[in-house]
Every structure is written in structure tokens, then in C-alpha cells.
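Architecture at a glance
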Amino acid sequence: MPPILARRLFAVGTLAAALAVAACGPTGQRNGIWAAGSSTVFPFATRVAENFGRNNPEGAPPRVESLGTGGGIQAFCQGVGPSTPDIANASRPMKQSEFDMCAENGVTEIIQLIIGYDGIVVATARDGNSFDFELDDLWSGLAKTVPGPNGDLIPNPARTWNEVNPALPNQRIQVYGPPPTSGTRDAFLELGMTPGAKMIPAMAAIEEQDGDRFEALAHTIREDSRWIDSGENDNAILQTLTRTPGSLGVFGYSFLEQNMDTVKAETIDGIAPTPQTISDGSYPLARSLYIYVKKAHIGVTPGLKAFLIEFTSEAAVGRGGYLQDRGLVPLPEPELVAQRAIATALTPMARPE
């Protein structure tokens, strides 16, 4: 990622710091657009903010903060007004519980925009062993609790990948990935761990008997240093792979595309993550990226609607747009047209099912 973190336009910090900075002056008013959330969406949002700031020099520059999807939505849902973000960046859909929290705090009209696609990659250093994971390999290697030889649930005993699947390399299980506040972590659980668990007969039986118990088991990652939470900075995971031979990392495809000289993506079910396999959905860990906007802030925060129009423009998110250069996989044209119509009409989303 460029050294954009050092620029005064984009402050990155804790949620508490973000809320404190937002109150500018005795009245708590602010002039600039404020977006907070996903570390995956962060480089795309900062690029749009840069472009928007150049084209609108009379206004305060937008500020974009990387708090993780959960942290960004938490701040977004605290209420309406200058002490809360205008936009929540997210690498997964807003949850029903989050939508309800927003409503309880007076955030009653939320505009959901899909800005493009991304894939979650499992990567290694370029000179590392090659893996072809099946989804059940990921779950069996990373779940905290797994079925034992007698069918009872036991702490995960696997120490190397070939213990999970003899076709995988004899390499220790050591995976650096995003923390629980991350949308990338949530998406990895939904797209990788859950379907992987369903492929295990004993887990499929649990799902039939008790869906809530199955989900808890499918989503609980081991805590014995085989999976290491690495914060909201995907670049830190990338750097760790090159410094820690034999380790794997889980992060967004856009970060892979910017660093293919040092890391490589492993295949999932025989399919490598590429713009084509991500956009057509054949890559198992493909996902959509989102921004959520408070309709109540339109017309109050200067330039907010124009910022949405910029974010959904052909120049930004279309094929050949400047965000594709950053690794965003563009939406098909009909879907982009639909998202642009939502941004223009400011159409609120329905409550998630």
C-alpha cells in the first residue's frame, strides 16, 4: 500500500480516537466526509477520497479510517450527527443485528452500495510449498474443536497440514489472519469454514440436530497459536509471510495483486483466485464489498452525495477504472448500473433477512 497512512487526509486509529476526533469545535460540527470500517475497502475508499478531494478543493478533504468492518459499523450505528461516520465500509453484508442496532439509535435510512468484488486468499511466500486446499481441509486444520476417532468432539490435534490431508505438504499449521472484528474474518468463516464443516459427516449430523451448535463449532477457530490474529492491517500479514517461512496468511485478493512479487495464492478446490474466477463466482472464497451511507447525512455533510456518485462512477469502479488498478474486481455492467441508480436515487436498503 502507498504511504498514504502518513497523510493528514486519512487518520487511522482506534474507535475511541475516531469518535474524539470527529467533534471539531464547540458545536461539534465538521465539514468533511467521514468513512470508517473495513481494512479491505480502505485502499479503495482512500483512492476515491483522494480523487474527490482533488476535484473538490474548496471543501474539507474526506477522512477514511481502517477500524475493521465490525468496528466501522459499530461507530456508524451509534446515531446521527457529526460525531458519527457518514459511511461504513464493509467487506461483508450488514448483519440483521447491526441494522437493528442502527435503528435503535435513530439511524433509520441506510443506503447499501456494492462497489465491486474481492476474493479471500490463502497465501504463502513465493518460494513456499504449494497447496491445493479443499474446503474441508481448511476447517479440519483451523477449527478449535473437531470430531475425534470415536466421533466425539475433541480439541484439534492436527499439527501439520499432511495430518489433515496426506496430499498436503508436511508443513506445520501456522496461519496469520484477521481478528474477529474484521469483515474478512467473517467472510472467511461463512465462505470457507462453514461449507468445509458441512463436508465432515459428523459435523453434518450435528447440523441436522442443532443448527446453532453447528454454526458455533464451524465458526470457532483454534486458539493454540496455529491461527494468529494479526490486526486489521493486511499488509502486516503479507510482510509476516516473507519473514516466517512455512506460514500461511488469509487476506483480501486486492492485497495479493499488489504484492505478487513476494507472495502467491494457493488454490481452493483446484481454483486459483483471479479477476475472472472471483467475478463469475467459481472461486469458492469470492465476496462482494460494500459501503453503507446514512441518508440523514445527505445534504448535511457537504459533498456526501457527490462522493457516492464518484464512488459508483465508471471512472472509479468500471472496467479499467482507477480502483481496478488497486485490485478491485469490477461488477458486471448491469449490476454497476443498478448500484449507480441506488446512489442517485438514495434508495434505502431493506432490513437484512
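Just so it is clear, the structure is predicted and the values come from calculations on it, not from any experiment.

On to the overall build of the protein chain. Helix and strand content of the protein chain: 15 helices and 13 strands. Relative to the globule expectation of 20 Å for 353 residues, the C-alpha radius of gyration of the protein chain, 21 Å, shows essentially globular dimensions. The dimensions of the protein chain, computed from C-alpha atoms along their principal axes, are 65 × 45 × 40 Å. A total of 353 residues make up the protein chain; the buried ones form 54% of that total. Put simply, 75% of the contacts in the protein chain that link residues at least 6 apart link residues at least 24 apart. A total of about 14,500 Å² of accessible surface is found on the protein chain, and carbon and sulfur atoms cover 53% of it. Averaging the locations of the 27 positively and 39 negatively charged side chains of the protein chain gives two centres separated by 7 Å.

For the rest of this paragraph, the subject is the state of the cysteines. Within the structure shown, the criterion is met by one disulfide. Each sulfur in the disulfide pair Cys77 and Cys102 lies 2.0 Å from the other. Between Cys77 and Cys102, the S-S dihedral sits near -70°, and the bridge is therefore left-handed. Taken together, the positions of Cys77 in the loop between α3 (69-76) and β3 (87-90) and Cys102 in helix α4 (residues 96-104) put the pair 25 residues apart, joining distant regions of the chain.

Attention now goes to the side chain of Asp186. Of note, Asp186 is situated in helix α7 (residues 183-198). There is a polar contact of 2.5 Å between the side chain of Asp186 and the side chain of Arg92. When near neighbours in sequence (up to four residues on either side) are disregarded, Asp186 contacts Arg92, Lys95 and Pro180.

Take the pattern of salt bridges next. Using the criterion set out here, one finds 13 salt bridges in the structure. The partner of Asp224 in a salt bridge is Arg159, with the nearest N and O atoms 3.9 Å apart. Placement of Asp224 in the loop between α9 (211-219) and β9 (227-229) and of Arg159 in the loop between β7 (153-155) and α6 (161-164) is noted, with a sequence separation of 65 residues between them. By relative accessible area, Asp224 is classed as partly exposed at 33%. Notably, a salt bridge pairs Glu314 with Arg340, separated by 3.3 Å at the nearest N-O pair. Here Glu314 is found in helix α14 (residues 314-317), whereas its partner Arg340 is found in helix α15 (residues 333-345), with 26 residues between them in sequence. Taking relative accessible area as the criterion, Arg340 reaches 23% and is therefore assigned partly exposed. Among the charged side chains, a salt-bridge network with shared partners connects Arg92, Lys95, Glu98 and Asp186.

This paragraph deals with the confidence of the model for the protein chain. Put simply, the protein chain has an average pLDDT of 89, and 91% of its residues get 70 or more. Model confidence for the protein chain, summarised as mean pLDDT per element, is weakest for helix α1 (residues 15-22) at 38 and strongest for α4 at 98. Per-residue pLDDT stays below 50 along residues 1-28; that stretch engages in 53 contacts with residues further than four places along the chain or on separate chains.

Here Asp269, not a glycine, exhibits a phi torsion of approximately 55°, which is positive. Note on placement: Asp269 falls in the loop between β12 (267-268) and α12 (275-279). Even without being a glycine, Leu346 presents a positive backbone phi close to 55°. Considering the arrangement of structural elements, one finds Leu346 in the segment after α15.

Between its first and last C-alpha, α15 extends 18 Å over 13 residues, near the 18 Å set by a 1.5 Å rise per residue. Taken as a whole, α15 has its buried residues at Leu336, Gln339 and Ala343. The arc that holds the buried residues of α15, viewed along the axis, is 65°, so those residues lie on one side. Opposite the packed face of α15, turned more than 90 degrees from it, sit the exposed residues Pro334 and Ala345. Residues of α15 that are buried sit in contact with β4 (110-125), α13 (304-311) and α14. Once α15 finishes, Leu346 follows within two positions and takes phi at roughly 55°, a positive value.

Parameters at a glance
- Residues numbered from 1 in each chain as written.
- Predicted model: local features only at pLDDT ≥ 70, side-chain atom pairs only at ≥ 80, totals over all residues.
- Heavy atoms only, no water.
- Helix = DSSP H or I, 4+ residues; strand = E, 2+ residues; numbered from the N terminus.
- Rg over C-alpha atoms; globule rule 2.2 N^0.38 Å.
- Buried < 20%, exposed > 50% of the residue type's maximum accessible area, 1.4 Å probe, protein only.
- Contact = heavy atoms within 4.5 Å.
- Areas by Shrake-Rupley, 256 points an atom, 1.4 Å probe, with all protein chains shown as cover.
- Lys, Arg positive; Asp, Glu negative; His and termini not counted.
- Charge placed at Lys NZ, Arg CZ, Asp CG, Glu CD.
- Disulfide = S-S within 2.5 Å.
- Polar contact = N/O pair within 3.5 Å; in protein donor to acceptor, adjacent residues only side chain to side chain.
- Salt bridge = Lys/Arg side-chain N within 4 Å of Asp/Glu carboxyl O.
- pLDDT = per-residue confidence, 0-100.
- Expected span 1.5 Å × (residues − 1).
- Arc of directions from axis to C-beta.

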